[in-house]
Amino acid sequence: MPLFALICLDKPNQLDLRKANRDAHLAYVAETGVVQLGGPFLDAAGDMCGSLVILEAEDLAAAEAWAAADPYGVAGLFESVTIRPWKKVVG
């Protein structure tokens, strides 16, 4: 199944919103079982400010649907979400 990279950048000053939705986001990741790798981007202070998620999905539409249903996305955390097909070469 194809892999997709989701590059999600938080809206400015939304660390509290991220933290408030983190448990729901992590539960969604566990429940859906399609995330191969993921974690937050960090700003200069070491605070979370975005996400990189590599997920396995049938196609781009399925990756977009997963992102739209992610509690972070539903909460309006992200300023931008870019989804690109991705190929694992190392690791």
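Preceding block: the structure.
How each quantity is defined
Residues numbered from 1 in each chain as written. Predicted model: local features only at pLDDT ≥ 70, side-chain atom pairs only at ≥ 80, totals over all residues. Heavy atoms only, no water. Phe/Tyr/Trp six-rings, centres within 6.5 Å; stacked < 30°, edge-to-face > 60°. Helix = DSSP H or I, 4+ residues; strand = E, 2+ residues; numbered from the N terminus. Buried < 20%, exposed > 50% of the residue type's maximum accessible area, 1.4 Å probe, protein only. Pairing = 2+ DSSP bridges. Axes fitted to C-alpha atoms, helices over the stretch in contact; angles between N-to-C directions. Lys, Arg positive; Asp, Glu negative; His and termini not counted. Salt bridge = Lys/Arg side-chain N within 4 Å of Asp/Glu carboxyl O. Contact = heavy atoms within 4.5 Å. 1 Å grid on protein atoms, 1.4 Å probe; cavity = no way out; pocket = protein on both sides within 12 Å on 5 of 7 lines; lining within 4 Å. Points joined across faces, edges and corners; volume = space filled by probe spheres on them. Nonpolar A, V, L, I, M, F, W, Y, C, P; charged D, E, K, R; others polar.

> Would you mind going over the packing of aromatic side chains in detail, with residue names and values included?
Evaluated as defined, the whole model comprises two aromatic pairs. Both rings, one in Y28 and one in W66, keep their centres 4.9 Å apart while their planes meet at 35°; by these two values the pair is tilted. Remark: W66 occurs in helix α2 (residues 60-69) and Y28 occurs in helix α1 (residues 15-32); sequence separation between them is 38 residues. Y28 sits in the buried class, given a relative accessible area of 13%.

> Which residues make up the sheet that holds strand β1 (residues 3-10), and what values go with them?
Spatially, four strands are ordered β2-β3-β1-β4 in an open sheet, and the strand pairing comes out antiparallel. Whereas interior strands pair on both sides, the edge strands pair on one side only; in this sheet they are β2 (35-42) and β4 (78-86). Within the sheet, the average angular offset between the axes of one strand and its neighbour, ignoring direction, is 15°. Note: β1 against β4, eight bridges, orientation antiparallel.

> Could you give me a rundown of the pairing of strand β3 (residues 48-56), with the residues and numbers involved?
Where a strand is regular, its side chains alternate between the two sheet faces. Examined bridge by bridge, β1 and β3 share seven bridges and lie antiparallel to one another. When the bridges of β3 are listed, A5 appears paired with I54. Pairing of β2 with β3, which is carried by seven bridges, proceeds in the antiparallel orientation. Each residue of the ladder has a partner; that of F41, found in β3, is G50. Joining the antiparallel neighbours β2 and β3 is a turn of five residues, in which G46 adopts a positive phi near 85°.

> How would you sum up the side chain of D70? Please name residues and give values.
In this fold, D70 is placed in the loop between α2 and α3 (71-74). It turns out D70 is buried and unbridged, and the closest side chain with the opposite charge, R18, is 8.0 Å from it. Each residue touching D70, except ones within four places of it in the same chain, is listed here: H25 and Y28.

> Tell me about the layout of surface pockets, and name the residues and values.
Taken as a whole, the largest pocket holds about 170 Å³ of empty space. In terms of lining, the largest pocket is formed by 14 residues, of which the most central are H25, L26, G38, G39 and P40. Counting residues per element, the ones that place at least two in the lining of the largest pocket are α1, β2 and β3. Its residues assigned to classes, the lining of the largest pocket shows eight nonpolar, four polar and two charged.

> Describe the pattern of salt bridges, naming the residues involved and giving the relevant values.
Counting across every chain of the model gives one salt bridge. Among the salt bridges present, the one from R18 reaches D10, with a minimum N-O distance of 2.7 Å. The same class applies to R18 as to D10, namely buried.

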